[in-house]
Amino acid sequence: MGAVVMHNVVSVDGFIADENDDPGPLHEWYFSGDTPIGVGGGEGFDHSGVGSRFKVSGASSGYVRSTWDSLGTIVMGRRLFDLVNGWEGHPPAGDHVVVVSHRPKPEGWHPEASYHFVDGVAAGIAKAQELAGERTVAVNAGDVGGQILAAGLVDEVAMDVVPVVFGSGRRYFGTIDRQHLLEDPDVVIRGDRVLHLRFKVRR
């Protein structure tokens, strides 16, 4: 099985969006560099919202490209799915998406897309690993990601830290309410307006 990696872009004070689910400047570095990147279905959905393709700095490009190339499955919660309408069936990386939700897939929604709706985080990770095989499972941060970490199902935590303070909003670790120790970061890469960090979860 590949690793299960909890990953998201995050503010310095630990938020992935504001109270209105607006990520603000968190994703600007994805589209403001000089090095184009793109994998899988990423060309089929405008992730920038303004018609831009992924273009990151040279310092970030190797890390982002290798991370995306390793992905087999993305795990997301229903809130994010509804906000972006599942990226219209075109995730930025990976071949499959597992949505942890008590509600089923919307009737008739992109039947061609490899999206699987699963009730519960343990079942969601099991399905994601089955689909990913030896490739990485990426877990979107937030409430569902925090639940997966709390359940002991996350191997690594990856954060793309952007120099902005939100003050309040949607927390990277959701409503997690107890301590979890991580190892020292084994990835520290300084990009333009972003710091890439990656930590293994201490067992």
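Residues numbered from 1 in each chain as written. Predicted model: local features only at pLDDT ≥ 70, side-chain atom pairs only at ≥ 80, totals over all residues. Heavy atoms only, no water.

J.: Help me out: how do you make sense of the side chain of Thr67 in this one?
T.: Within the secondary structure layout, Thr67 lies in helix H1 (residues 58-70). For Thr67, the side chain forms a polar contact with the main-chain oxygen of Tyr63, separated by 2.8 Å. (Helix = DSSP H or I, 4+ residues; strand = E, 2+ residues; numbered from the N terminus. Polar contact = N/O pair within 3.5 Å; in protein donor to acceptor, adjacent residues only side chain to side chain.)

J.: Sorry if this is basic, but what is going on with the pairing of strand S1 (residues 4-11) here?
T.: Taken residue by residue, a regular strand's side chains alternate between the two faces of the sheet. The buried fraction of S1 amounts to eight of the eight residues, a majority that puts the element mostly inside the structure. Side chains Val4, Met6, Asn8 and Val10 of S1 all project onto a buried face; the interleaved residues Val5, His7, Val9 and Ser11 project onto the opposite face, where all are buried too. Two elements, S1 and strand S8 (residues 136-140), share four bridges in a ladder whose sense is parallel. Paired with His7 across the strands is Asn140, a residue of S8. Two strands pair when backbone bridges link them, and S1 and strand S9 (residues 156-162) are joined in this way by seven bridges, in the parallel orientation. Residue pairing in the sheet places Val10 in a bridge with Val161 of S9. (Buried < 20%, exposed > 50% of the residue type's maximum accessible area, 1.4 Å probe, protein only. Pairing = 2+ DSSP bridges.)

J.: Quick question: what am I supposed to make of helix H4 (residues 143-150) here?
T.: Within the sequence span of H4, burial applies to Val144, Gly145, Gly146, Ile148 and Leu149. Looking at the buried positions of H4, the neighbouring elements they touch are S1, strand S5 (71-77), strand S6 (96-100), helix H3 (121-132) and S8. Just downstream of H4 lies Gly152, where phi reads positive at about 80°. (Contact = heavy atoms within 4.5 Å.)

J.: I tried to follow the environment of Val164 on my own but got confused; where do I start?
T.: On the secondary structure map, Val164 appears in the loop between S9 and strand S10 (170-171). C-alpha of Val164 to C-alpha of Pro111: the two residues are 53 residues apart in sequence and 39 Å apart in space. In this structure Val164 touches Ser11, Val12, Asp13, Pro25 and Leu26, once residues within four positions along its chain are discounted.

J.: Please clarify how the packing of aromatic side chains should be interpreted in this entry.
T.: How two aromatic rings sit relative to each other is set out by the distance from centre to centre and by the angle between their planes. A full pass over the atoms with the stated rule returns eleven aromatic pairs. Arranged with centres 4.1 Å apart and planes meeting at 25°, the rings of Trp29 and Tyr30 form a pair that is stacked. Taken as a pair, Trp29 and Tyr30 share a single burial class, namely buried. Seen from their ring centres, Phe81 and Phe117 are 5.1 Å apart, and the 85° between their planes marks the pair as edge-to-face. One end of the pair, Phe81, is in helix H2 (residues 78-84); the other, Phe117, is in strand S7 (residues 115-118), and 36 residues separate them in sequence. Look at Phe81 and you get buried, because its relative accessible area is 1%. Of the aromatic side chains, those joined through ring pairs into one cluster are Trp29, Tyr30, Phe31, Phe54 and Trp68. (Phe/Tyr/Trp six-rings, centres within 6.5 Å; stacked < 30°, edge-to-face > 60°.)

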